[in-house]
Amino acid sequence: MQKLLEGRVAIVTGAGTGLGRAHALELARHGARVVVNDVAGSDPDSPAGRVVEEIQRAGGEAIADGGDVTDFAAMQAMAQRAITKWGRVDALVCNAGVLRDRSFTKMSLDEFRLVLDVHLMGSVHAIKAVWDGMREQGYGRIVLTTSSSGLYGNFGQSNYAAAKMALVGLMQTLALEGARNNIRVNCIAPTAATGMTEGILTPESLEQLPASAVSPAVVALLTEDAPSKMIVLSGGGSVEAAHITMTRGITLGDELGSEQAPAIILERLNAISDRTDERVPATGFEQCQWELEKAGFEMELPGVK
Ligand code: NAD
């Protein structure tokens, strides 16, 4: 078997159960030494402790960490644990997550903030804890766990969808900022039978969606040959990509400034959303560049600072 992560040091957050557990096992199978993080604890009989034991039994190396991703100091301690034991951190999978589903009408602000805190700030904390080390060593691979709920919306998940789409924005920018130090950042949008989806999907469909079916895509995104700035979807053995595109749209000419302009836009919604020749901007500035181009101006893109 070709071990794609031989000698690498990786951290997986929320890896005591579900997808994180499956990722940790698959990373270890590919030769990575793994920090198995989970807020549920790090004792030998905690979920993370049991994953560590499973890895060790299969001949791999792993340690458990009980840090809460919402606590930056705990994430710094987690990164330090890996560095003390193995000298570096090459790869990070931000996977820890919770749900507090409720229609927006009924959702409290506390429920909204908690979900943002765990998914968005939890990922920010874990990344911030390893970022400087990755920059200094000129190597890093990061996977953020987004969701179809954020990409496409799901009833009752406004907090979760907002948090998951925020992670896409974080990835888009960190991929740009990390590039010169060989740090590659991607998103995974999984579908899997876990504690999180129990009761949401039917038992028959859950049978087709083992968490382990998502992990090969995660390993691929952590290898030396990984792409950067991709949104990869995976479930049940399938792997797809999602793109945030921009259509060719329309250009308002003489109508611009007239009071008819909003009505013209409404009339031309079909042309505005026509996907023929749509593009994927490489950076946010490209929206501005293309709009100026269509208006007959040329703009140079601002350089990377
Ligand atoms: P899960 O509930 O089985 O696992 C989540 C794990 O995260 C648990 O072990 C939990 O203890 C841990 N965790 C929760 N809060 C934490 C914190 N503050 N600090 C550290 N660990 C914490 O759920 P899962 O389905 O395996 O979810 C894993 C990730 O995949 C989540 O980010 C989830 O949003 C995402 N996701 C899952 C699906 C799916 O179909 N299962 C779909 C889209 C996205």
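Looking at the overall build of the chain
And step 1. From N to C terminus, the chain includes 11 helices and 8 strands.
And step 2. Relative to a compact globule of 305 residues, whose C-alpha radius of gyration would be 19 Å, the chain shows 21 Å and is just as compact.
And step 3. When the backbone C-alpha atoms are referred to their principal axes, the chain occupies close to 70 × 45 × 40 Å.
And step 4. Among the 305 residues that make up the chain, the fraction classed as buried is 42%.
And step 5. Of the contacts made within the chain by residues no fewer than 6 positions apart, 68% connect residues no fewer than 24 positions apart.

Quick look at the site of the ligand
And step 1. Taken together, 27 residues sit near the ligand, with T17, D38, N95, Y160 and T194 positioned nearest.
And step 2. With respect to the ligand, the side chain of T194 contributes an N or O atom lying 2.5 Å from an oxygen atom.
And step 3. Its free accessible area being 830 Å², the ligand has 90% of it covered by the protein chains.
And step 4. Elements that contribute at least two residues to the shell around the ligand include exactly α1 (18-29), α6 (158-178) and β6 (183-191).
And step 5. Broken down by class, the residue content of the shell around the ligand amounts to 9 nonpolar, 15 polar and 3 charged.

Considering the side chain of T197
And step 1. Along the chain, the position of T197 falls in the loop between β6 and α7 (203-207).
And step 2. A distance of 2.9 Å separates a polar side-chain atom of T197 from the backbone nitrogen of T194.
And step 3. Those residues in contact with T197 that sit more than four places away from it in its chain are A192 and L206.

Digging into empty space enclosed by the protein
And step 1. Applying the stated rule across the entire model yields 2 cavities of 30 Å³ or more.
And step 2. Taken as a whole, the largest cavity spans an internal volume of roughly 80 Å³.
And step 3. If you go around the largest cavity, the residues you meet are M246, T247, R248, R279, W290 and K294.
And step 4. Looking at the lining of the largest cavity residue by residue, the class counts come to 2 nonpolar, 1 polar and 3 charged.
And step 5. Considered as a void within the structure, the second largest cavity measures approximately 30 Å³ in volume.
And step 6. Together, T13, V69, C94, N95, A96, V118, H119, G122, S123 and A126 line the second largest cavity.
And step 7. The element that contributes the greatest number of residues to the lining of the second largest cavity is helix α4 (residues 109-137), accounting for 5 residues.
And step 8. Classifying every residue of the lining of the second largest cavity gives 5 nonpolar, 5 polar and no charged.

What counts and what doesn't
- Residues numbered from 1 in each chain as written.
- Predicted model: local features only at pLDDT ≥ 70, side-chain atom pairs only at ≥ 80, totals over all residues.
- Heavy atoms only, no water.
- Helix = DSSP H or I, 4+ residues; strand = E, 2+ residues; numbered from the N terminus.
- Rg over C-alpha atoms; globule rule 2.2 N^0.38 Å.
- Buried < 20%, exposed > 50% of the residue type's maximum accessible area, 1.4 Å probe, protein only.
- Contact = heavy atoms within 4.5 Å.
- Near = heavy atom within 4 Å.
- Polar contact = N/O pair within 3.5 Å; in protein donor to acceptor, adjacent residues only side chain to side chain.
- Areas by Shrake-Rupley, 256 points an atom, 1.4 Å probe, with all protein chains shown as cover.
- Nonpolar A, V, L, I, M, F, W, Y, C, P; charged D, E, K, R; others polar.
- 1 Å grid on protein atoms, 1.4 Å probe; cavity = no way out; pocket = protein on both sides within 12 Å on 5 of 7 lines; lining within 4 Å.
- Points joined across faces, edges and corners; volume = space filled by probe spheres on them.

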